[in-house]
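If you want the building blocks of each chain, they are given just below.
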Amino acid sequence: MSHPDPSPTSGSSHRTVALAAMAGTTIEWYDFFIYALCTGLVFNSQFFDGLGEDSLVISFATIGISFFFRPVGAALAGHLGDRLGRRAMLIATLLLMGVSTTLIGLVPSSSAIGAGAPVLLVLLRILQGLSAGGEWGGAALISVEHAPTGRRGRFGAYPQLGAPLGLLLANGALAAVTGLTTDEQFLSWGWRIPFLLSVVLVAAGFVIRRKVEESPVYEELKQSGNRSRTPIAVLLRHHWPLVVAGALLFAANNAVGYMTTGGYVQSYAVNHLAMDPTQILIGVMAAAVGWLASTMAGGILSDRIGRLRVYRIGFLIQLAWIFPFFALLNTANIALVVVALLLYSVGLGLTYGPQAALFTELFPAAVRYSGAALSYATGAVLGGAFAPMIAEALESSTHTVYSVAVYLTAVTVVGLAVTFVLRDRRDVPLGEAEGSEQDRNTALTA
């Protein structure tokens, strides 16, 4: 028996909600990426300079540390999002990220305050991790739960666009600063400007997100009184295989994506290939535009041919392009590097665009925020947490960047395999009644 989605809204309302979710995730990812990009360009010399040759690897490790707090943020936001609503979590996580990022721009270097500098830096990065772990689930759910059944992929792609847009803004801000300052000025104070700009962006995002209406699915749960008191416990007791499958699926996308979003490609191009930092940042901006387009295409296409088919196409493109990508990168020719990055972004977008719709459709309404957020955060730990550090360590130990390509090939194969374990559920209703249908029409094929 089919159950209609609750309280369908107008097309303009769908777009308003989706655009508000996109605006918030863009700001969140700008904040998160600014740190990652500065890791290889600034933090190794400004905060970890006493570690000698290990400063770059340790600097990249601070990216990974924050990822371990993403599941904590996901659990907290998931519990509160399933109990108190999606909208409240959207605002809370945005403010936490904005405050943390702004304060990073004010932390003195280790030459000024010694060991206290890296400690403060890591603590603020942990707060970023808590925010990032909880934010995505709310943005994804409020977009998809407001969308009509046949267009969930399209509207679910909007919060996904926040990542390439955030990368575009982060690289653009850094490119502008590096282009307008000398190397000494950039390392001394210029790098702080993009962090301090976060306060302006967060204020704008706060105003936008306050206008978003609560998800109709959550309102239905609230009125029925059937909200779970312990959504995380219910999720892990009855739906843990879906959490594992979702995490592995995202890990395969995240590890590949974090080569650029985590700053490894930028660091490798500048430190190993002696490329101009402004040029490579602009190159990554071009790739972000390609990632944005392929992400939107992935969401729209998933409404037509299914979420999992789009994932498979994307993973196969990733597999085909990983080795050619590094070959072109090694030329240090900016034109060829831009081509490499643009084609690299195609598979990345196709395995990212359908994600919000797919994760929303995997879980029953009462534990959906917890399920989507925890799958996403765990996948980020498995895939992106130490991907830049692993890449740097592999390249340093083997003296060839192709060892990184082998690593990325392995994680992509895992993601591809998961698509054959999950079942496409793009027509499943999302309301409270879907909970019983979840048991009858499981999201796993076995």
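Keep in mind it's a predicted model, so treat the numbers as computed, not measured.

Draft legend 1. Region of the structure containing the confidence of the model for the protein. Averaged over the protein, the pLDDT score is 86; the fraction of residues at 70 or greater is 92%. Ranking the helices and strands of the protein by mean pLDDT puts helix α17 (residues 307-329) first, with 97, and helix α23 (residues 434-440) last, with 48. Every residue in residues 436-441 scores below 50 in pLDDT, and together they form 16 contacts with partners more than four places removed in sequence or on other chains.

Draft legend 2. A look at the nonpolar core. Membership of the largest hydrophobic core comes to 108 residues, with the highest contact counts inside it found for F43, M259, Y264, F325, F326, F359 and L408. The element best represented in this core is helix α1 (residues 11-46), accounting for twelve residues. With residues near it in sequence (within four places) discarded, F43 still touches Y35, C38, F48, S59, I104, L121, W191 and F195. A147, F155, Y158 and L161 belong to the second-largest nonpolar core, a separate cluster that totals eight residues.

Draft legend 3. How the structure looks around the packing of aromatic side chains. Within this structure, the stated rule accounts for 20 aromatic pairs. Ring plane angle 85 degrees and centroid distance 5.7 Å describe the contact between W136 and F359, whose orientation is recorded as edge-to-face. Remark: F359 occurs in helix α19 (residues 355-362) and W136 occurs in helix α6 (residues 116-146); sequence separation between them is 223 residues. Neither W136 nor F359 differs from the other in exposure class; each is buried.

Draft legend 4. Spotlight on the layout of surface pockets. Reported here for the largest pocket is a volume of approximately 240 Å³. As for the largest pocket, its lining consists of 13 residues, and the residues nearest its centre are L41, D183, F186, V270 and P277. Looking at the lining of the largest pocket, the elements with two or more residues in it are α1, α9 (183-190), α15 (264-271) and α16 (277-305). Taken together, the residues of the lining of the largest pocket sort by class into five nonpolar, seven polar and one charged.

Draft legend 5. Examining the pattern of salt bridges more closely. Evaluation of the coordinates by the stated rule reveals seven salt bridges. We note a salt bridge from E145 to R86, for which the minimum N-O separation is 2.9 Å. A residue pair is termed long-range when its members are at least 10 positions apart, and E145 in helix α6 and R86 in helix α4 (residues 86-104) qualify at 59 residues. Overall, the relative accessible area of 4% leaves E145 in the buried class.

Reading guide: rules and limits
- In every chain, residue numbers begin from 1 and rise along the written sequence.
- In view of the model being predicted, local features appear only for residues whose pLDDT reaches at least 70, and side-chain atom pairs are presented and counted only at 80 or more, with totals across whole chains, interfaces and linings using the full set of residues.
- Values shown for side chains rest on all heavy atoms present in the structure; no hydrogens or waters enter the calculation.
- Confidence of the prediction at every residue is given by pLDDT, a number between 0 and 100.
- Secondary structure elements follow DSSP: runs of H or I of four or more residues count as helices, runs of E of two or more count as strands, with numbering from the N terminus.
- Throughout, a contact is declared for two residues whenever any of their heavy atoms are within 4.5 Å.
- Take the buried Ala, Val, Leu, Ile, Met, Phe, Trp, Tyr and Cys residues and link them wherever side-chain atoms come within 4.5 Å; each set so joined is a nonpolar core.
- Note on exposure labels: buried denotes an accessible area under 20% of the residue type's maximum, exposed denotes more than 50%, and partly exposed covers the range between, all computed with a 1.4 Å probe on protein chains only.
- Put simply, two rings from Phe, Tyr or Trp (the six-membered ring, in Trp's case) pair if the centres are within 6.5 Å, and we call them stacked under 30 degrees between planes, edge-to-face over 60, tilted for the rest.
- A cavity, in this analysis, means grid points on a 1 Å lattice covering only the protein atoms where a 1.4 Å probe fits yet has no way out; a pocket is instead an open set bounded by protein on both sides within 12 Å along at least five of seven lines, and a residue lines either one if it has an atom within 4 Å of a point.
- Grid points are joined across faces, edges and corners, and a volume is the space filled by probe spheres set on the points.
- All residues other than Ala, Val, Leu, Ile, Met, Phe, Trp, Tyr, Cys, Pro, Asp, Glu, Lys and Arg, Gly among them, are scored as polar; the first ten of these are nonpolar and the last four charged.
- Definition used for salt bridges: Asp or Glu carboxyl oxygen within 4 Å of a side-chain nitrogen of Lys or Arg.

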